[in-house]
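Coordinate analysis (summary)
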Amino acid sequence: MARQPEGPPPPPVVQRVRVRYAKRGRLRFTSHRDFTRALERALRRAGVPMAYSAGFTPHPKISYVGTAAPTGVASEAEYLELGLASVVDVDRLRAALDASLPDGLDLLECVEVRPGTGGLPDRIDASAWRIELPGVAPAELAAALATFLAADRVQVERLTKTGRRELDARAPVVSASASAAPDDDGCAILELVVRQVTPAVRPDDVLAALRAVAGLAPAVPPRATRLTQGRLDDGGRLADPLAPDRAADIPADEVAGGPRPEEQAVPSVGSTPAG
């Protein structure tokens, strides 16, 4: 007879909340695994009523959406979804959870998932990046970029856990532009919109491609930031993936009413001591 976990099953998910967070400053060097640990500690510290998986090793119901920003890369647009065992006010949730995370891992927005708005992964198929290149003249970057964009394919190598892997860094790049940093002609800015493919093409892959086709080799390490994620429209723009949830956040019959009845009796998030 198969063993069964002792005790009753965990409470079901009664509310789902989608979260956008940022990695900034020195915390851009946080790996995805380090972030997951920091988040779970923050959830306990903030007293968030998480729903848990069943089984012998229950885990909080957290779904990470999209491709995580590489270690060493900053981001203003990382996404996850929380499954909660009781209904909370999303503004209180954002404030309490942000206060429980270290500075540099910043919670920017929490939006409740409403029925019928669809899945978050289906709303993300590309990222916009900004890469600062200190010591590179904008004209030098523009010339290298023109060579790169004129190519049909640019193969680069990436070192992975299983060895070296070749990938095409050109095909996923939807658009790219070069400009000068404000008040600093000695720092070029590379802006990219890149489709999320498998394997993912990262900013360092595009820089490797620029080195391969045009010999562009910055002497100073670049600084990359993911600005946005979303689904590309026909004009090459990225749609905000939380917009459908935000638009449905206040149902028409509640616009003039105040909080929903089930929220009124819920204690403030953060009232539970850290576990």
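Scroll up to find the structure.
Residues numbered from 1 in each chain as written. Predicted model: local features only at pLDDT ≥ 70, side-chain atom pairs only at ≥ 80, totals over all residues. Heavy atoms only, no water.

What about the packing of aromatic side chains?
- All told, the structure shown has 2 aromatic pairs when counted by the stated rule.
- Considering the side-chain rings of F35 and Y64, the 6.4 Å spacing of their centres and the 80° angle between planes classify their relative orientation as edge-to-face. Placement of the pair is F35 in helix α1 (residues 32-45) and Y64 in strand β2 (residues 62-65), with a sequence separation of 29 residues.
- According to the relative accessible area criterion, F35 is buried, its value standing at 2%.
- Y64 sits in the partly exposed class, given a relative accessible area of 28%.
- Put simply, the rings of Y21, F35 and Y64 pair up and form one aromatic cluster.
- In this structure, R170 is placed above the aromatic ring of F148, and the distance from its NZ or CZ to the ring centre is 5.6 Å. (Phe/Tyr/Trp six-rings, centres within 6.5 Å; stacked < 30°, edge-to-face > 60°. Helix = DSSP H or I, 4+ residues; strand = E, 2+ residues; numbered from the N terminus. Buried < 20%, exposed > 50% of the residue type's maximum accessible area, 1.4 Å probe, protein only. Lys NZ or Arg CZ within 6 Å of the ring centre and 35° of its normal.)

Considerations on the side chain of S75
- Note that S75 resides in strand β3 (residues 74-84).
- Within polar-contact distance, the side chain of S75 engages the backbone nitrogen of A77 at 3.1 Å.
- Residues within four places of S75 in sequence aside, it is in contact with A22, K23, A69, T225 and R226. (Polar contact = N/O pair within 3.5 Å; in protein donor to acceptor, adjacent residues only side chain to side chain. Contact = heavy atoms within 4.5 Å.)

Section: the pairing of strand β5 (residues 126-134)
- Along β5, 8 of the 9 residues are buried, which leaves the element largely enclosed by surrounding structure.
- Where β5 meets strand β10 (residues 223-232), 7 bridges bridge the pair, whose relative direction is antiparallel. What sits directly across from E132, in β10, is R223. (Pairing = 2+ DSSP bridges.)

Re the nonpolar core
- Counting residues in each nonpolar core, the largest one holds 27 residues, and the members touching the most others are L141, F148, L190, L192 and L210.
- Of all the elements in the fold, those that place two or more residues in this core are β5, α3 (138-150), β8 (173-181), β9 (184-195) and α4 (203-214).
- Residue contributions to this core peak at 5 residues, all from α4.
- Contact partners of L190, with chain neighbours within four places excluded, come to W129, R130, I131, L133, L141, L145, A176, S177, V206, L207 and L210.
- Residues F35, V48, I62 and L93 belong to the second largest nonpolar core, which totals 24 residues. (Core = buried A, V, L, I, M, F, W, Y, C linked by side-chain atoms within 4.5 Å.)

Observations regarding the pattern of salt bridges
- Using the criterion set out here, one finds 20 salt bridges in the structure.
- A salt bridge links D245 to R18; the nearest nitrogen and oxygen atoms lie 2.9 Å apart. You can see D245 sitting in helix α5 (residues 243-247) and its partner R18 sitting in strand β1 (residues 15-23), a full 227 residues away along the chain. Each member of the pair, D245 as well as R18, carries the same accessibility label: buried.
- Here R24 and E76 are joined by a salt bridge, their closest N and O atoms 2.7 Å apart. One end of the pair, R24, is in the loop between β1 and α1; the other, E76, is in strand β3, with 52 residues separating them in the sequence. (Salt bridge = Lys/Arg side-chain N within 4 Å of Asp/Glu carboxyl O.)

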